[in-house]
Amino acid sequence: MGLSSALNTALIGLGFNQRQLEVAATNIANSDTVGYTRKSISASASYDGNGRVTGVDTDSMRRHLDLAVQGQYRTSLAEYTFAGVSQQYTGRLDTLFGSINDAGSLPNTVNSFIGSVSNLVSGPENYSNRLEVVRTAQALVGKITGMSDQIQGMRQEVEYQIAEQVDRVNELLTDIQALDRQVVLHTQDGDMPVGLQDERDKLLEELSGYMDIEVKPTEQGGIRIHTSGGTPLYDVNVQKLTFDARGNVGATSVYDVDPAKRGVGTIALENSEGSRIDLLSTKTLRSGSLAALVNMRDEVLADAQTQLDELAASMSRAFSTHTEPGTAYPATGTQTGYEMDLANLQPGDSLTFDYKDMATGRTKSVTIYRSDGPEPPALTDTNDPDDIYLAVDFSSGNHATIAAGIQSALDADPRVGAGVFAAANPGGSVLRLESTAPGAVRIENASTRETVTSSSAHGDAFALFVDDGGEVFTGMADGRPNVAGFASRLTVNSELINDPSLLVEYAPGIPNGDATRPEAILDKLTKAKTAFSPESKTGGRTAIFEGSINDFVTAIVSHQSGRAAQAKATAMGQEVVTANLKGRLDESAKVDVDKELAQLVQLQNAYAANARVMQVVRDLYDILMRS
């Protein structure tokens, strides 16, 4: 190697050492900087045409980072934020519903009402007992309506949070696009823009907290972003998210794929050409805080509202429903069925009968609702083999036509079977229901359940809880169920507030010490079995919950408590997983200051060696020039 070659190599070595020193110093300076990854540069020897080393080529700078762990961490982070949001709102619901040990909780308020009714049974003539029933009834209504308002307040809060997070996601995608374009530009120029890549990764980490994303590299050094379901968010151009937030979310405000029926905002994806995809209808969002917020608004909080609506509706219906037993038919001889008068049935009222298969001993119950519109009560959507709920249109007013409708409904249901029963109208508003084979299938009992008006003359029924405006609640309005939102409309009948004596003296001649009506109230609260819709989620997703009103309160409180406990356990477990992945990611990218300092010493020695070579070459040149 000649002197010129040696001098050139030493100069290149000095330049490379200088860059290494700068990188090491930068690593040490940023060892505590969040999102910073350790950097390094490498070099390779250069050769001439004869294969002789002529110098050193400096390779590009690289980041030290485990990309596989980084992808797992982003996925886990989305699941962690989902779990965190779920824990927050289920915990708030659990606190809202409370427990028997919490003063002022729903179960305590219900128990106070039941206790006041029990005292009225013991002392119906005591006026203070009557006043206490009215007071505790008002307190119970206030508790239910207040809880309903708080739940809808949480849903409105979620609506605004979704809007804020959608705006932030759009900002992040725009910022990622700007950084990505710079990365691609520098990469094409032969540089490795590791600092820009760190900044881009920080934005991607924040984005993965909002949405479940997957990031793929491009051949140009850029990235593509899509959801875990494959919907593109960024590929050269940004796909913009939109959210049409609603400012008045209420109990009847629900999500629907039909924009005309939708009462809440939806998240949509729009591209530069104007095409639009509803991400909620396609169930694109699977994890991340956005998916969690949507789940809270449309599922968890909506379920809690449904439970309150079911409780309010069941209380109202229990008190205002009079059961009128059917008459055995025929009156003499072998009984084949029952006759029932349908004259007083309003939309939402029902007739019911139990029958027994004499061969197997199996008993089934059939309830037929009066439903005069396009949408029947929710219980008719259930498929329980032994508790059968059907709906028939009574709007014709022709009881022969009504009887024919009942016959068709029974024949069409495979749980009953065609031809098992015969329904007819012998005259007036009477329905005659008979078993076609009494020896094989026997009708055990039959009755109508009629909604009474106001204080009523029936000892077993009166309208204690009514709809907003004082209207008696039947569960149907304008041909559709109107249970949704009833918890916010529930009120105590002003007639009872103004005259508490009606709690006992419900008709002329009833003594003030008669306990008939108080006992009926207490039985309906604690003993009478009521069927609650599967939408309340207390009997499972598709099963009917049957029990007393008090049983239902216990079930919904238990449901909320269990859901909160499950959400908390899930969040804690996901926190451990995410923290573990974060630790592994940080470990792969962290700066070891001790190693960097040791490398600085080595680089200083190398720098000194190259400088010494240059000094020797200089001395040799001086000798040559003097000789």
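Before reading further, recall that the structure is shown in the block above.
Everything in this summary refers to the structure shown in the same document. (Residues numbered from 1 in each chain as written. Predicted model: local features only at pLDDT ≥ 70, side-chain atom pairs only at ≥ 80, totals over all residues. Heavy atoms only, no water.)

## A look at the pattern of salt bridges
When the charged atoms of two side chains lie near each other, side chains of opposite charge can form a pair.
Argument step 1. This structure, assessed with the given rule, holds 28 salt bridges.
Argument step 2. Between Glu 132 and Arg 135 there is a salt bridge whose closest N-O contact spans 2.7 Å. Linking Glu 132 with Arg 135, this pair stays in helix α4 (residues 127–188), spanning 3 residues, or about one helical turn.
Argument step 3. Across the pair Glu 199 and Lys 202 runs a salt bridge, and its minimum N-O distance is 3.1 Å. In this pair, Glu 199 and Lys 202 both sit in helix α5 (residues 194–210), 3 residues apart, roughly one turn of the helix.
Argument step 4. Overall, Glu 199 belongs to the partly exposed group, its relative accessible area being 38%.
Argument step 5. For Lys 202, a relative accessible area of 34% translates into the label partly exposed.
Argument step 6. A cluster of three or more residues bridged by salt bridges with shared partners is formed by Glu 159, Arg 297 and Asp 298. (Salt bridge = Lys/Arg side-chain N within 4 Å of Asp/Glu carboxyl O. Helix = DSSP H or I, 4+ residues; strand = E, 2+ residues; numbered from the N terminus. Buried < 20%, exposed > 50% of the residue type's maximum accessible area, 1.4 Å probe, protein only.)

## Things to note about the sheet that holds strand β6 (residues 237–238)
Sheets are built from strands that pair by backbone hydrogen bonding, the pairs being arranged parallel or antiparallel.
Argument step 1. Taken in spatial order, the 4 strands line up as β3-β4-β5-β6 in an open sheet, and their pairing is antiparallel. Edge positions in the open sheet fall to β3 (213–217) and β6, since each of these has one partner strand only.
Argument step 2. Judged from the 2 bridges that link them, strand β4 (residues 223–227) and strand β5 (residues 232–235) form a sheet pairing that is antiparallel. Across the sheet, His 226 pairs through a bridge with Pro 232, a residue of β5. (Pairing = 2+ DSSP bridges.)

## Points about helix α3 (residues 106–122)
Argument step 1. Counted at 1.5 Å a residue, the expected span for α3 with its 17 residues is 24 Å, and the 25 Å between its end C-alpha atoms agrees.
Argument step 2. When α3 is considered as a whole, its buried residues turn out to be Leu 106, Pro 107, Thr 109, Val 110, Phe 113, Ile 114, Ser 116, Val 117 and Leu 120. (Expected span 1.5 Å × (residues − 1).)

## Some remarks on the nonpolar core
Argument step 1. Counting 87 residues, the largest nonpolar core has Phe 97, Leu 106, Phe 113, Ile 225, Ile 267 and Phe 465 as the members making the most contacts within it.
Argument step 2. Top element by residues in this core is α4. It accounts for 19 residues.
Argument step 3. Once you skip the residues sitting within four places of it in the chain, Phe 113 turns out to touch Val 133, Thr 136, Ala 137, Leu 140, Phe 319, Leu 464, Phe 465 and Leu 525.
Argument step 4. One finds Leu 342, Val 392, Ala 403 and Leu 431 within the second-largest nonpolar core, a separate group that totals 27 residues. (Core = buried A, V, L, I, M, F, W, Y, C linked by side-chain atoms within 4.5 Å. Contact = heavy atoms within 4.5 Å.)

## So, the packing of helix α2 (residues 67–97) against helix α6 (residues 289–320)
Argument step 1. Between α2 and α6, the least distance of the axes is 8 Å, while the angle of their chain directions is 20°. Relative to α6, the element α2 is oriented roughly parallel. For α2 against α6, the interelement crossing comes out right-handed. On α6, the residues touching Thr 81, Phe 82, Val 85, Ser 86, Tyr 89, Thr 90, Leu 93 and Phe 97 of α2 are Ser 289, Ala 291, Ala 292, Leu 293, Asn 295, Met 296, Val 300, Leu 301, Ala 304, Gln 307 and Leu 308.
Argument step 2. Split by residue class, the contact of α2 with α6 holds 13 nonpolar, 6 polar and no charged. (Axes fitted to C-alpha atoms, helices over the stretch in contact; angles between N-to-C directions. Parallel < 35°, antiparallel > 145°, perpendicular 65-115°, else oblique. Left-handed = near helix turned anticlockwise from the far one by under 90°. Nonpolar A, V, L, I, M, F, W, Y, C, P; charged D, E, K, R; others polar.)

## What to know about the packing of α2 against helix α11 (residues 549–589)
Argument step 1. Following both chains from N to C, one finds α2 and α11 inclined at 155°, their axes separated by 7 Å at the closest point. The orientation of α2 relative to α11 falls into the category roughly antiparallel. Where α2 crosses over α11, the two elements pack in a sense that is left-handed.
Argument step 2. Looking at the contact of α2 with α11 residue by residue, the class counts come to 15 nonpolar, 12 polar and 7 charged.

## A look at the sheet that holds strand β8 (residues 267–270)
Argument step 1. Strand order in this open sheet of 3 strands is β7-β8-β9, and the pairing throughout is antiparallel. Edge strands, defined here as strands with exactly one partner in the open sheet, are β7 (240–243) and β9 (276–278). Mean inter-strand twist for the sheet, computed between neighbouring axes without regard to direction, equals 30°.
Argument step 2. Of the strand pairs in this sheet, β7 and β8 are connected by 4 bridges, and their pairing is antiparallel. Bridging across to β8, Leu 241 finds its partner in Leu 269.
Argument step 3. Sitting on the sheet, α4 touches β7 and β8, and the angle it makes with β7 is about 165°.

## A look at the layout of surface pockets
Argument step 1. In this structure, the second largest pocket encloses a volume near 550 Å³.
Argument step 2. The wall of the second largest pocket is formed by 23 residues, among which Leu 67, Gln 70, Val 215, Pro 217 and Ile 223 lie closest to the centre.
Argument step 3. In terms of residue class, the lining of the second largest pocket is made up of 8 nonpolar, 8 polar and 7 charged. (1 Å grid on protein atoms, 1.4 Å probe; cavity = no way out; pocket = protein on both sides within 12 Å on 5 of 7 lines; lining within 4 Å. Points joined across faces, edges and corners; volume = space filled by probe spheres on them.)

## What about the environment of Gly 221?
Argument step 1. Summarising the element assignment, Gly 221 is placed in the loop between β3 and β4.
Argument step 2. Spatially, the C-alpha atoms of Gly 221 and Gly 417 are 68 Å apart, while their sequence positions differ by 196 residues.
Argument step 3. Apart from the residues lying within four places of it in its own chain, the contact partners of Gly 221 are Val 183, Val 184, Thr 187 and Arg 200.

## Focus: helix α7 (residues 399–412)
Argument step 1. With 14 residues, α7 should reach 20 Å at 1.5 Å per residue; the first-to-last C-alpha distance of 20 Å fits that figure.
Argument step 2. Taken together, the buried positions of α7 are His 399, Ile 402, Ala 403, Ile 406, Gln 407, Ala 409 and Leu 410. The buried residues of α7 occupy one face: seen down the axis, they fall within an arc of 165°.
Argument step 3. Looking at the buried residues of α7, the elements they touch are β13 (350–357), β14 (363–370), β15 (387–392), β16 (421–427) and β17 (430–435).
Argument step 4. N-capping of α7 is provided by Asn 398, with a side-chain oxygen placed 2.9 Å from the backbone N of Ala 400. (Arc of directions from axis to C-beta. Polar contact = N/O pair within 3.5 Å; in protein donor to acceptor, adjacent residues only side chain to side chain.)

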